[in-house]
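For reference, the chains in residue letters:
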Amino acid sequence: MPTTVGRRVDRLTPVRRIARRIDRRTVVRIGVVAVVTYAAWLAVGAFGRPYNFFDMKIYHGAAVWWASGRDLYEFVAPDTTLGFTYPPFAGLAMLPMAHLPVGLAGLVNAVASVAALAVVLAGLLHPIANRLGYPLWFPVALATPLAAALEPSRETLGYGQVNLLLFALVMADLVGLRWRSRRAAHVVATDGPLLRFVHSGAWAGVGIGLATAVKLTPALFIVYLMITRQWRAAITAVGTLATVTIGSFAIVGPESRAYFGGVLWQTERVGAADMTPNQSLAGLLARLFDSIEAPGLLWFTFAILVLALGLSRAANARADGDELTAFTLVGLTTSVVSPISWTHHLVWVIPAIVVLADAAVRRREASRGLAARTGLGGLPGVNGLRPPIWYPALTGLRHGAAAVALYLLFLVSPIWPYEHQLPEVSHYQDGLFGALMENSLAVALIVLVAALPWRPGAEPAFYGERPARPVTSGVRR
């Protein structure tokens, strides 16, 4: 009997060894991720709208129509007045979905979009996780469901839109710029030619070029690259755009001529400016004037001002070594100045939330170090001065509060209870408060363009060119 017991103990020993190796913190983190994911799912049900892949049905119908030999831009979805509005290259990219059922095409797009969102968040959070000492999987696993629950993401997934995929293409170039600036740390002598090319970041600009070929609004990133004199990336983006556009002319000439010769300029194919989901500057002005369209001269004037402000702040952010905030400002500016920016276009609030949250953490970390040096813990201060009593406990509070408020705004999305459509119902039907709620996302975008802080030295991406102004560190003496 003792021998048998002893054998049983021996058999259980490896199990106990494995159990001991399991980090208790890992189990807790997995539990936290599960709770957050479930809460995000409940939030989508509570604040989201009924989704049935509406836009995917249009894309799928257009692809089937085109594959059957008919003209792409003559397609009109049944029971609607909507047709295909993207450039011919986008039509070519979507053509394979003609061989799939529309439901399966929407599911494939949703899975690919969530995967793209997770990859983007990994790129955004990698420097932050390294600095704070977290394993990368944990913040990414937390952030992915949280970001997917926001209005732009859930609308993209529910409608079968492509915005998260285009977002990933643009953000891939941000990663490429990072790698190019630190290529010596990534390129290993034993890497093959392909890995050396990928890690070199020489391809930076390809993503922006491809995204612009699918939807024209990312072209503002090319302007940003030129303003900041990132010539190689700008030339790569322009070259990619030109290659795929000319290639589309060579492959589908009639559709390309139809698009650039007429469809591109038919703004009525997209929708009226005053529609509630249009949270651009034009939509805001149209609703404020209770008009179907925005006042042209007023919109143009304010759009130029916002464009100049956004690009100048983006250039300053890059010059201070924060390329992520620079890209975010360009994306937000694009959403504001575009005549039509549906809520599923507003994916750039995701990195804006990351920037605000990280700014709060950075300021709190810096305040702790300063507090230790200035004697907050009972030691004498510097030159007889002591920091205020709230320091450092409340340092970074306004940035943290802004991040939480921005997240809650785009989670709840208060525009939908106050949705109105002219000429049937005035946009002032529910008074000034209703008008404010209906325009709340547009107002938030404009405030972000004007006030989103950047983090000096956080993510520099200088490679070969000098920044617009030198990055400084330390105290000027």
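Position numbers for residues start from 1 in each chain and track the written sequence from start to end. Local features in this predicted model are restricted to residues whose pLDDT is 70 or higher, and side-chain atom pairs enter the listing and the counts only when it is 80 or higher, whereas totals over whole chains, interfaces and linings include all residues. Working from all heavy atoms in the structure, the side-chain values ignore hydrogens and water.

**Student:** Honestly, the environment of Lys215 in this entry has me stumped. Any pointers?
**Tutor:** Structurally, Lys215 is set in the loop between helix 11 (206–214) and helix 12 (219–227). Each residue is assigned to one of three classes by its accessible area relative to the maximum for its type, calculated with a 1.4 Å probe on protein chains only: buried under 20%, partly exposed between the two thresholds, exposed over 50%. Owing to a relative accessible area of 11%, Lys215 belongs among the buried residues under this scheme. Residues Lys215 and Ala90 lie 125 residues apart in sequence; the distance between their C-alpha atoms is 7.9 Å. Note on contacts: a residue pair is in contact if any heavy atoms of the two residues lie within 4.5 Å. Setting aside its immediate chain neighbours within four residues, Lys215 contacts Tyr86, Gln161, Asn163, Leu166 and His345. Engagement of the side chain of Lys215 in a polar contact is seen with the side chain of Asn163, the distance being 3.1 Å. Every helix listed is a DSSP run of H or I at least four residues long, and every strand listed is a run of E at least two residues long, numbered separately from the N terminus. Polar contacts, as counted here, are pairs of nitrogen or oxygen atoms within 3.5 Å of one another; within protein the pair requires one atom able to donate a hydrogen and one able to accept it, and residues that are adjacent in sequence qualify only if both atoms are side-chain atoms.

**Student:** Just to check I follow, could you spell out helix 7 (residues 151–159) for this structure?
**Tutor:** Residues separated by three or four positions in an α-helix point in the same direction, a consequence of the helix having 3.6 residues per turn. Across the nine residues that make up helix 7, a large majority, nine, are buried. Among all positions of helix 7, only Glu151, Pro152, Ser153, Arg154, Glu155, Thr156, Leu157, Gly158 and Tyr159 are buried.

**Student:** Quick question: what am I supposed to make of the packing of helix 3 (residues 54–67) against helix 5 (residues 102–132) here?
**Tutor:** Any two packed helices are characterised by the angle at which their axes cross and by the distance between the axes. Helix axes use the C-alpha atoms of the stretch in contact, all axes being lines fitted to C-alpha atoms, and the angles between their N-to-C directions lie in the range 0 to 180 degrees. At a minimum axis separation of 10 Å, helix 3 and helix 5 run at an interaxial angle of 120°. Crossing handedness for the pair helix 3 and helix 5: right-handed. Residues Met56, Lys57 and His60 of helix 3 pack against Val102, Ala105, Gly106 and Asn109 of helix 5. A breakdown of the residues in the contact of helix 3 with helix 5 according to their chemical character gives three nonpolar, three polar and one charged. What makes a crossing left-handed is the near helix being turned counterclockwise from the far one by less than a right angle; a clockwise turn instead makes it right-handed. Nonpolar residues are Ala, Val, Leu, Ile, Met, Phe, Trp, Tyr, Cys and Pro. Charged residues are Asp, Glu, Lys and Arg, and all others, Gly as well, are polar.

**Student:** Explanation requested: the layout of surface pockets in the structure shown.
**Tutor:** Any empty space left between atoms is shown by rolling a water-sized probe over those atoms. There is about 770 Å³ of room inside the second largest pocket. Taken together, 27 residues line the second largest pocket, and the ones lying closest to its centre are Leu125, Ala143, Leu146, Val354 and Ala357. Of all the secondary-structure elements, those providing two or more residues to the lining of the second largest pocket are helix 5, helix 6 (137–148), helix 18 (349–374) and helix 19 (397–412). Here the lining of the second largest pocket gets ten residues from one element, more than from any other, and that element is helix 18. Looking at the lining of the second largest pocket residue by residue, the class counts come to 22 nonpolar, one polar and four charged. Throughout, the protein atoms alone are placed on a 1 Å grid, and a set of points is a cavity if a 1.4 Å probe fits but cannot get out or a pocket if it is open with protein on both sides within 12 Å along at least five of seven lines; lining residues have an atom within 4 Å of a point. Grid points are joined across faces, edges and corners, and a volume is the space filled by probe spheres set on the points.

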